[in-house]
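Breakdown of the fold
These are the residues of each chain, in order.
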Amino acid sequence: MTGSPVTGRTLKRSVPRGATLSPGRRSVNLFMGALITLGTVIVVAPLIWIFVYLIAQGAASLSLNFFTRIPAPVGEAGGGYLNAITGSLIMLAIAGLIGVVVGVAGGIFLAEFPRHPFMPTIRMISDVLSGIPAIVVGLVVYSLVVVTFGYSGFAGGLALGLLMIPIVVRTSEEVLKLVPLAVREAGMALGLPQWRVILSIVLPAATSGIVTGVMLALARVAGEAAPLLFTAFGNNLLNLDPRRAMSALPQQIFVDATSGSDSNITLAKAGSLVLIVLIFLASLAARRATRQKR
Amino acid sequence: MTTPLSVPERPSSPKRPSPNSRGDGVFRNLILGLSLIIIAVFVLSIYLLAKDSLPAIREFGLGFLTQTVWNPVTQKFGAASMIAGTLITSFAALVISVPLALASAIFVAEYAPKWLANPVSYLVELLAAVPSVVYGLWALFALKPIIQNFQLSLYTSNPDLVTRCATLRGEGRSSFACFFMPEAPVGLGLTLAIVVLTIMILPYTASVARDVIRLVPGDQREAMYALGATKWEVISRAILPFARAGITGGVILALGRALGETLAVAMVIGNVPELAKTIWGSTATMASMIANQFGDAQAQLHRSSIIELGLLLFFVSVVVNYSARLIIVRLTPKGIQ
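Quick caveat, the model's predicted, so the values are computed rather than measured.

A count of helices and strands for chain A gives ten helices and zero strands. For chain A, the succession of helices and strands along the chain, N to C, is α-α-α-α-α-α-α-α-α-α. In summary, chain A has a C-alpha radius of gyration of 25 Å against a globular reference of 19 Å for 294 residues, an excess of more than 25%. Across its three principal axes, chain A shows a C-alpha extent of roughly 75 × 65 × 35 Å.

This is the structure in structure tokens:
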């Protein structure tokens, strides 16, 4: 996005040398420039601080144990996050399935059936859903699923999936609309029905963009602990069965960070480092993919 | 943005569907059915939250919004202090974060050369990707000691005020100066929550503002420069007024985030269901209260009151998000959709 013809570069000296500029205007200009730069430094500083802090405090306890052990019993040091890592993977798989099926279908609906009477409603509700606090989604899934079936990985995955839907709808709609109309017309001119045009021509052309959107959505919900508190609940034992309570990385971090036990807090810091690196890598990869595409 | 495409609907006679639209009806209904899940989720959410909070609504009525007593022992629940906590933290965070976010957006779009602008805007986007728990953990173990030290230095430098405030509080009163004097140097509380929230919502305003500032037409800048304006005059009089609709939308989106932010706030605000007595004091927000008490709530009325908090949050975020979209769509000058 550097479309504008006037950038700071071409007009670096906005007032030509020799022109008179009152000292007042000149100093206001310099002062505001300095203030803006300072503001930017303040905005970026916390991110660097968090990263350095987590490396300094958490990297030391990232041993093989962290990835291969489950949390130690109360009062004992050591242990790892194997249960949380597997739990996160399983619940993200469930969430991804829900998010992709409903989200991409919603995106196709908004992009390909723009004259359908339900179109404005679905777009508006999808937009509004993207702003619902994650903890409220957790409450909804609690009374929808947990009240009847108990805490489970399925419930946690469902909560995360519901959070993914609006993000996937939005990105897949935008990407599908980038596919030129001429491509669709070409397909129809060959005598293909609309569903073949969409599934065999439009969707494949938009696949990489949709994958990017799904990755970003997964990265976003991978860090959510709030909706899991009353759905997946957490489990200190290794559990691969999504019908029972499960742990997830952010949720285990929350429990350990607020536990008051020093060894658990160290583990939480190591877990935060792992989580943040994974999320950054995923969004970096997604960003790379989009940039190459355009 | 691309303009909405309209796929021409082929004329099909009702009697004999043309051979090349075979299967279209099935496909359309399948897609429509899956899309209707989105509406179903929305309606179901309202129904379930409303159904579960009915006991609390029946018991407390509108008093739920105005009463500050939240006591699981006596089964009296009023959300006023949590509503106040949510509003205070969110708006304070908004007031601090908007100028900073604008500064970073202007820096990226107008000041920085390209080699610097891309990394900076990427870093700002990463700020949005940091999970809430990680912010909470950082605030709890890196920021809290700093705030504690500051509170201690307030204590040691104003011993007279400390004793005066203690007596005033004993009588249930307060004064303007005491409002800034911590009750105890614990670190946790309103101020720490506001600081964390400020950092967390920065990227939302910043990235929307950056995008709309970049969309301001070059002519707009050139015309102002041609009048001999300095860079700051161009920014403040030609660019920001042009971009204000988009910026307002971004600010409201950030407000929506702040209102619903849960775990980072829950970890640092203290979670006491009462109004903060000082700017440092412990209090709670609606979201932090849900996270903190729902798991332990056994009594039906307690549980139902917490779900009513969720229902309130749901409606507030629907209204906030809807108006943000409305503002972005309506107020954006034509041509920079």
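Our focus in this paragraph is the nonpolar core. Counting residues in hydrophobic clusters, the biggest one holds 190 residues, and the most contacted among them are A:Tyr81, A:Ile135, B:Tyr135 and B:Leu309. Examining the composition of this core, we find that 14 residues originate from one element, helix 9 (residues 231–260) of chain B, more than from any other. Those residues in contact with A:Tyr81 that sit more than four places away from it in its chain are A:Phe66, A:Arg69, A:Leu249, A:Gln252, A:Ile253, A:Asp256, A:Leu267, A:Ala268 and A:Gly271.

Moving on, we come to the packing of aromatic side chains. Counted under the stated rule, the structure contains 17 aromatic pairs over all chains. Seen from their ring centres, A:Phe66 and A:Tyr81 are 5.0 Å apart, and the 35° between their planes marks the pair as tilted. One end of the pair, A:Phe66, is in helix 2 (residues 64–68); the other, A:Tyr81, is in the loop between helix 2 and helix 3 (82–112), and 15 residues separate them in sequence. Among the residues examined, A:Tyr81 registers a relative accessible area of 0% and is labelled buried. Between B:Trp70 and B:Phe77, the aromatic rings sit 4.9 Å apart at their centres with planes inclined by 70°, giving edge-to-face as the arrangement. Residue B:Trp70 is classed as buried on the basis of its relative accessible area, which comes to 6%. With relative accessibility at 2%, the residue B:Phe77 sits in the buried group. Among the aromatic residues, those joined into a cluster by ring pairs are B:Phe60, B:Phe64, B:Trp70 and B:Phe77. Positioned above the aromatic ring of B:Tyr111 is the side chain of B:Lys231, whose terminal nitrogen or guanidinium carbon lies 5.2 Å from the ring centre.

In a regular helix each residue adds 1.5 Å, so 26 residues correspond to 38 Å; helix 5 (residues 132–157) of chain B covers 35 Å between its end C-alpha atoms and thus fits that length. The largest bend in helix 5 of chain B comes to about 45°, at B:Leu143, with the proline B:Pro145 one to four residues further on.

Bringing the pattern of salt bridges into the picture now. The final tally for this structure, using the stated rule, is 14 salt bridges over all chains. A salt bridge links B:Glu125 to B:Arg210; the shortest N-O distance between them is 3.1 Å. Taken together, the residues B:Glu125 in helix 4 (residues 114–129) and B:Arg210 in helix 7 (residues 190–215) connect sequence positions 85 residues apart. A relative accessible area of 32% means that B:Glu125 is categorised as partly exposed. Among the charged side chains, a network of salt bridges with common partners joins A:Arg123, A:Glu173 and A:Lys177.

Moving on, we get to the interface of chain A and chain B. Each side of the interface is counted separately: chain A has 101 residues, and chain B has 98 residues. When chain A packs against chain B, close to 8900 Å² is buried across both sides, 77% of that on carbon and sulfur atoms. Here chain A and chain B share one salt bridge between them. The salt bridge partner of A:Arg25 is B:Glu233, with a shortest N-O separation of 2.8 Å. Of the residues forming the side of chain A that touches chain B, the biggest block, 18 residues, is contributed by helix 1 (residues 23–58) of chain A.

Moving on to helix 7 (residues 181–189) of chain A. Residue and element names in this part refer to chain A. Turning to helix 7, its buried residues number three or more, namely Arg184, Gly187 and Met188. Buried residues in helix 7, looked at end-on, bunch into an arc of 95°, giving them a common side. For helix 7, the elements touching its buried residues are helix 3, helix 6 (153–178) and helix 8 (194–222). Within two residues after helix 7, Gly191 carries a phi angle of roughly 90°, on the positive side.

All right, on to the confidence of the model for chain B then. Interpretation of this model should avoid reading the predicted coordinates in detail wherever pLDDT is low. The share of residues in chain B with pLDDT of 70 or more is 92%, and the mean pLDDT across the chain is 88. Within chain B, the lowest mean pLDDT, 85, falls on helix 6 (residues 159–170) of chain B, and the highest, 95, falls on helix 3 (residues 80–111) of chain B.

A surface patch of nonpolar side chains, amounting to about 380 Å² of accessible area, comprises A:Phe31, A:Leu35, A:Leu38 and A:Ile42. For A:Leu35, the location among the structural elements is in helix 1.

Quick look at the state of the cysteines now. Think of a disulfide as a covalent bridge from one cysteine sulfur atom to another cysteine sulfur atom. Residues and elements named next belong to chain B. Tallied over the full model, the rule gives one disulfide over all chains. Each disulfide pairs two cysteine sulfurs, and for Cys165 the partner residue is Cys178, the sulfurs being separated by 2.1 Å. Disulfide Cys165 to Cys178: torsion about the S-S bond roughly -100°, handedness left-handed. Here Cys178 lies in the loop between helix 6 and helix 7 and Cys165 lies in helix 6, a separation of 13 residues in the sequence.

This next bit is on the environment of A:Met246. Residue and element names in this part refer to chain A. Structurally, Met246 can be placed in the loop between helix 8 and helix 9 (249–257). On the basis of relative accessible area, Met246 is assigned to the buried category, the value being 1%. For the pair Met246 and Ala59, spaced 187 residues apart in sequence, the C-alpha to C-alpha distance is 25 Å. Among all residues touching Met246, those that are not within four sequence positions of it are Gly87, Ile90, Met91, Gly153, Ala232, Phe233, Gly234, Asn235, Asn239, Leu240, Asp241 and Gln251.

Here the focus is the packing of helix 3 of chain A against helix 6 of chain A. The relative placement of two packed helices is expressed as an angle between their axes plus a distance between the axes. Residue and element names in this part refer to chain A. Contact geometry of helix 3 with helix 6 gives a least axis separation of 6 Å together with a crossing angle of 30°. Judged on the interaxial angle alone, helix 6 and helix 3 are roughly parallel. Considering only the axes of helix 3 and helix 6, their crossing is right-handed. Among the residues forming the contact of helix 3 with helix 6, the class breakdown is 18 nonpolar, ten polar and three charged.

What follows covers unusual backbone geometry. Residue and element names in this part refer to chain B. One non-glycine residue, Gln75, lies in the positive phi region at around 60°. Here Gln75 lies in the loop between strand 1 (70–71) and strand 2 (76–77). When its relative accessible area of 25% is taken as the criterion, Gln75 is described as partly exposed. For Asn271, which is not glycine, the phi torsion reads 55° and is therefore positive. Mapped onto the elements of the fold, Asn271 is located in the loop between helix 10 (263–268) and helix 11 (286–293). With a relative accessible area of 12%, Asn271 lands in the buried category.

Turning our attention to the packing of helix 9 of chain A against helix 5 of chain B. It is at 9 Å that the axes of helix 9 of chain A and helix 5 of chain B come closest, and there the two elements cross at 20°. Considering the angle they form, helix 9 of chain A stands roughly parallel to helix 5 of chain B. The two elements helix 9 of chain A and helix 5 of chain B cross, and the hand of that crossing is left-handed. Seen from helix 9 of chain A, the contacting residues are A:Pro250, A:Ile253, A:Phe254 and A:Ala257; seen from helix 5 of chain B, they are B:Val133, B:Leu137, B:Leu140 and B:Phe141. Of the residues in the contact of helix 9 of chain A with helix 5 of chain B, the class split is eight nonpolar, no polar and no charged.

Rules used throughout
- Residues numbered from 1 in each chain as written.
- Chains lettered and ligands numbered in written order.
- Predicted model: local features only at pLDDT ≥ 70, side-chain atom pairs only at ≥ 80, totals over all residues.
- Heavy atoms only, no water.
- Helix = DSSP H or I, 4+ residues; strand = E, 2+ residues; numbered from the N terminus.
- Rg over C-alpha atoms; globule rule 2.2 N^0.38 Å.
- Core = buried A, V, L, I, M, F, W, Y, C linked by side-chain atoms within 4.5 Å.
- Buried < 20%, exposed > 50% of the residue type's maximum accessible area, 1.4 Å probe, protein only.
- Contact = heavy atoms within 4.5 Å.
- Phe/Tyr/Trp six-rings, centres within 6.5 Å; stacked < 30°, edge-to-face > 60°.
- Lys NZ or Arg CZ within 6 Å of the ring centre and 35° of its normal.
- Expected span 1.5 Å × (residues − 1).
- Bend = angle between axes of the 7 residues up to and from the residue.
- Salt bridge = Lys/Arg side-chain N within 4 Å of Asp/Glu carboxyl O.
- Buried area = accessible area lost by both parts, 1.4 Å probe.
- Arc of directions from axis to C-beta.
- pLDDT = per-residue confidence, 0-100.
- Patch = residues over 30% accessible without salt bridge, like charges linked within 9 Å, V, L, I, M, F, W, Y side chains within 5 Å.
- Areas by Shrake-Rupley, 256 points an atom, 1.4 Å probe, with all protein chains shown as cover.
- Disulfide = S-S within 2.5 Å.
- Axes fitted to C-alpha atoms, helices over the stretch in contact; angles between N-to-C directions.
- Parallel < 35°, antiparallel > 145°, perpendicular 65-115°, else oblique.
- Left-handed = near helix turned anticlockwise from the far one by under 90°.
- Nonpolar A, V, L, I, M, F, W, Y, C, P; charged D, E, K, R; others polar.

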